[in-house]
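Residue-level listing of the chains:
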Amino acid sequence: DTAVSQTPKYLVTQMGNDKSIKCEQNLGHDTMYWYKQDSKKFLKIMFSYNNKELIINETVPNRFSPKSPDKAHLNLHINSLELGDSAVYFCASSQQTGEYNEQFFGPGTRLTVL
Amino acid sequence: AQSVSQHNHHVILSEAASLELGCNYSYGGTVNLFWYVQYPGQHLQLLLKYFSGDPLVKGIKGFEAEFIKSKFSFNLRKPSVQWSDTAEYFCAVNVWGNNRLAFGKGNQVVVIP
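Residues numbered from 1 in each chain as written. Chains lettered and ligands numbered in written order. Predicted model: local features only at pLDDT ≥ 70, side-chain atom pairs only at ≥ 80, totals over all residues. Heavy atoms only, no water.

*Asks:* I'm lost on the overall build of chain A in this one. Help?
*Replies:* Assigned secondary structure in chain A consists of zero helices and eleven strands. The linear arrangement of helices and strands in chain A, starting from the amino end, is β-β-β-β-β-β-β-β-β-β-β. The C-alpha radius of gyration of chain A comes to 13 Å, within 12% of the 13 Å expected for a compact globule of 114 residues. Considered along the principal axes of its C-alpha atoms, chain A spans approximately 40 × 30 × 30 Å. Scored against the burial criterion, the 114 residues of chain A give a buried share of 45%. Partitioning the intrachain contacts of chain A with sequence separation of at least 6 by distance along the chain shows that 54% fall at a separation of at least 24. As presented, chain A carries roughly 5600 Å² of accessible surface, and 49% of it is formed by carbon and sulfur atoms. With 12 positive and 12 negative side-chain charges, chain A shows a separation of 8 Å between the mean positions of the two kinds. (Helix = DSSP H or I, 4+ residues; strand = E, 2+ residues; numbered from the N terminus. Rg over C-alpha atoms; globule rule 2.2 N^0.38 Å. Buried < 20%, exposed > 50% of the residue type's maximum accessible area, 1.4 Å probe, protein only. Contact = heavy atoms within 4.5 Å. Areas by Shrake-Rupley, 256 points an atom, 1.4 Å probe, with all protein chains shown as cover. Lys, Arg positive; Asp, Glu negative; His and termini not counted. Charge placed at Lys NZ, Arg CZ, Asp CG, Glu CD.)

*Asks:* Explain the nonpolar core to me, please; I cannot follow it from the model alone.
*Replies:* If you look at soluble globular proteins, the nonpolar side chains tend to sit buried side by side. W35(B), L48(B), F74(B), L76(B) and Y89(B) are the most contacted members of the largest nonpolar core, which has 30 residues in total. Elements that contribute at least two residues to this core include exactly strand 2 (10–14), strand 3 (19–21), strand 5 (31–38), strand 6 (44–50), strand 8 (64–68), strand 9 (73–78), strand 10 (87–95) and strand 12 (107–112) of chain B. Excluding its chain neighbours within four sequence positions, the residues that come into contact with L76(B) are L19(B), E20(B), L21(B), W35(B), L47(B), L48(B), F63(B), E64(B), A65(B) and Y89(B). Ranked by size, the runner-up nonpolar core spans 19 residues in total, among them L11(A), M32(A), M46(A) and A87(A). (Core = buried A, V, L, I, M, F, W, Y, C linked by side-chain atoms within 4.5 Å.)

*Asks:* Please explain the sheet that holds strand 8 (residues 73–78) of chain A as it appears in this structure.
*Replies:* Across a sheet, strands are paired by hydrogen bonds formed along the backbone, either parallel or antiparallel in direction. All names here are of chain A. Reading across the sheet, the four strands line up as 1-3-8-7 and stay open at both edges, with antiparallel pairing between neighbours. Sheet topology places strand 1 (4–7) and strand 7 (64–70) at the edges, where each strand pairs with a single neighbour. Going across the sheet, the axis of each strand differs from the next one's by a mean of 20 degrees, ignoring polarity. For strand 7 and strand 8, the ladder comprises five bridges, and the chain directions are antiparallel. Each residue of the ladder has a partner; that of P66, found in strand 8, is L76. (Pairing = 2+ DSSP bridges. Axes fitted to C-alpha atoms, helices over the stretch in contact; angles between N-to-C directions.)

Take a look at the structure:
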């Protein structure tokens, strides 16, 4: 069984388009995240939701809008795609248990903007 | 500034050689520490983690890491690498009570058969 899944795995699109990436976790976790891995493999957090509430919103262009319809899903919508948005986007989830926070990652979505 | 540092970004070694990757962090307070591995074209997998207790932790595939609080370090080791250990290795730090997981820039390890 896949713990954290993302669709699509690959996404190739033109500049200016709007696209969405979906993430689902079946671990029963209450917190979900989006990370961006750039061309140099650097990973940086973008957003985090806890029980459908936004709790982390890093310095990300407002063209990026996360949406969490329920605890098990966190989608990422990107408007007006730019060349610099090309990256691998990873979804993750964790169960907030006091001080301990182990995050489980999805397989990633490789976004290429032409 | 708070950060996670990994040095020697590119590491090339032969099979059976020993591997040690350094990780230093500059966060105050109590931390959770992780090493993740990313094989070519694949997603992040957890190698090992430290939350509390014994500072020497053992992970999967023969990896281990040692937390040295006084040095703010969490170095990863493997006594004898295999070709299949070729991958990118990331150190990550999470401050207790904070959801953010901060990553180092990674070490690209290439093991030559």
